[in-house]
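Tertiary structure, described
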Amino acid sequence: MKIIGSYASPYVRKVLACMVLKGLEDYEIDPITPFFGGDEFDRLSPLRRIPVLIDGDLVLTDSSVICAYLDEAYPGHKLLPEAPADRARARWLEEYADTRLGDLFIWGLFYQKIVRPLVWNEPTDTKRVNQVLTEDLPKALDYLEGQLPEHGFLFGAIGLADIALATFFRNGEHAGFTVDAGRWPITASFVARTLAQDCFDRFLKFEQAQLSTNPAGRRQALLAAGAPLAETSVGVREPRRGMMRL
Ligand SMILES: N[C@@H](CCC(=O)N[C@@H](CS)C(=O)NCC(=O)O)C(=O)O
């Protein structure tokens, strides 16, 4: 199996964590950021987004589609609970995470504080960051505080919904955000517990190698950290704008 996408992406991390739970550990990765994808990336990922999963002849994009495929195509740990109402709730929380937490943590914080200055040489939109930190994220955390379990995971054993939610908080951490445990104790402990699981923890060293190096030194740093890098890449040197947003 091949994954295209950076270890620093929450959606890539979600897929990799699900692969660990399914016991699918034999993979190679082309850890590009979407803005550095070339023409071949365009062909594989029509929305110019990561992750892409290549499994034999099958090429899939979108983390939710990929995780659903992995759960249906491969045996082992079930990513979704059995009961229809639980399955529906798990899918909703995955959708809430991908859409709303993605908007806040990725476009509102991580993109503003890390990608804009580094990739585009543009200043952080501090007004947007402040709006996220003071109004939008607190509202999302109020909602999660009423949804998450005080102990353990959402539906018994750890699964897709837990992973889909927790992954965004890792990007929050990379952008300097931590949950205020005094105000949102259930969410803070859920996030800490979930991110401490091996299916997340094992990738942290690759994320750090990815984020602490410039493009010239990145491949070497990732190899030194033990990342199973693909021999070839669909990456290019000059960044290209995505098609979904500016
Ligand atoms: N719904 C997609 C979202 C993927 C996504 O937005 N990935 C980001 C990287 S974290 C990306 O590729 N952004 C580039 C863009 O939207 O132009 C999924 O779940 O895979």
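Predicted, not measured: the structure shown is a model, and the values here were computed from it.

The subject of this paragraph is the environment of Phe190. Locating Phe190 in the fold gives a position in helix α7 (residues 185–195). Put simply, Phe190 and Gly76 are 114 residues apart on the chain and 24 Å apart in space, counted from C-alpha to C-alpha. If near-sequence neighbours (up to four positions away) are discounted, Phe190 is found in contact with Leu148, Pro149, Gly152, Phe153, Asp162 and Leu165.

With respect to the helices, strands and loops of the structure, Ser45 is situated in the loop between α2 (39–44) and β3 (52–55). Residues contacting Ser45, with those up to four places away along its chain left out, are Val52 and Thr61.

A few words on the pattern of salt bridges. Taken as a whole and judged by the stated rule, the model has 14 salt bridges. The shortest N-O distance in the salt bridge between Asp98 and Lys14 comes to 2.9 Å. Of the two residues, Asp98 is situated in helix α4 (residues 84–120) and Lys14 in helix α1 (residues 10–21); the sequence distance between them amounts to 84 residues. We classify Asp98 as buried; its relative accessible area is 12%. The salt bridge involving Arg240 is made with Asp39; its shortest N-O contact spans 2.9 Å. One end of the pair, Arg240, is in the segment after α10 (215–225); the other, Asp39, is in helix α2, and 201 residues separate them in sequence. Residue classification places Arg240 among the partly exposed residues on the basis of a relative accessible area of 31%. Here Asp39 falls in the exposed class, since its relative accessible area comes to 56%. Here the salt bridges do not stand alone but share partners, grouping Arg13, Arg170, Glu173 and Glu207 into one network.

A word on the site of the ligand. The local shell around the ligand holds 13 residues, among which Tyr11, Arg49, Ile50, Asp62 and Ser63 are the closest. Within the backbone of Ile50, an N or O atom sits 2.9 Å from an oxygen atom of the ligand. A distance of 2.6 Å separates an oxygen atom of the ligand from a polar atom in the side chain of Ser63. Within the complex, 90% of the 510 Å² of free accessible area of the ligand lies under protein. Sorting the residues of the shell around the ligand by element identifies α1 and α4 as the ones contributing at least two each. Residue composition of the shell around the ligand, grouped by class: 6 nonpolar, 3 polar and 4 charged.

Judged by nonpolar contacts, the single largest core of 82 residues is most densely connected at Ile3, Tyr7, Leu16, Leu101, Leu165 and Phe169. Take this core: its biggest share by element is 15 residues, from α4. For this core, the domains that each give at least three residues are domain 1 (2–77 + 213–225) and domain 2 (84–199). In this structure Phe169 touches Leu101, Phe105, Leu141, Leu144, Val179, Thr187, Val191 and Leu195, once residues within four positions along its chain are discounted.

What follows deals with the UniProt feature "domain: GST N-terminal" (unreviewed entry) in the chain. Look at the UniProt record and you will see "domain: GST N-terminal" (unreviewed entry) annotated at residues 1–78. Overall, residues 1–78 shows 37% helix and 18% strand. The separation of its end C-alpha atoms is 19 Å.

Moving on, we come to the side chain of Glu145. Examined against the element boundaries, Glu145 turns out to sit in helix α5 (residues 126–145). No salt bridge forms around the buried Glu145; measuring N to O, its nearest opposite-charge neighbour Arg183 is 9.4 Å away. When near neighbours in sequence (up to four residues on either side) are disregarded, Glu145 contacts Trp184, Pro185, Ile186 and Thr187.

Parameters at a glance
Residues numbered from 1 in each chain as written. Predicted model: local features only at pLDDT ≥ 70, side-chain atom pairs only at ≥ 80, totals over all residues. Heavy atoms only, no water. Helix = DSSP H or I, 4+ residues; strand = E, 2+ residues; numbered from the N terminus. Contact = heavy atoms within 4.5 Å. Salt bridge = Lys/Arg side-chain N within 4 Å of Asp/Glu carboxyl O. Buried < 20%, exposed > 50% of the residue type's maximum accessible area, 1.4 Å probe, protein only. Near = heavy atom within 4 Å. Polar contact = N/O pair within 3.5 Å; in protein donor to acceptor, adjacent residues only side chain to side chain. Areas by Shrake-Rupley, 256 points an atom, 1.4 Å probe, with all protein chains shown as cover. Nonpolar A, V, L, I, M, F, W, Y, C, P; charged D, E, K, R; others polar. Core = buried A, V, L, I, M, F, W, Y, C linked by side-chain atoms within 4.5 Å. Domains from an automatic or database assignment. UniProt positions renumbered as here; feature names shortened; annotations may be inferred. Lys, Arg positive; Asp, Glu negative; His and termini not counted.

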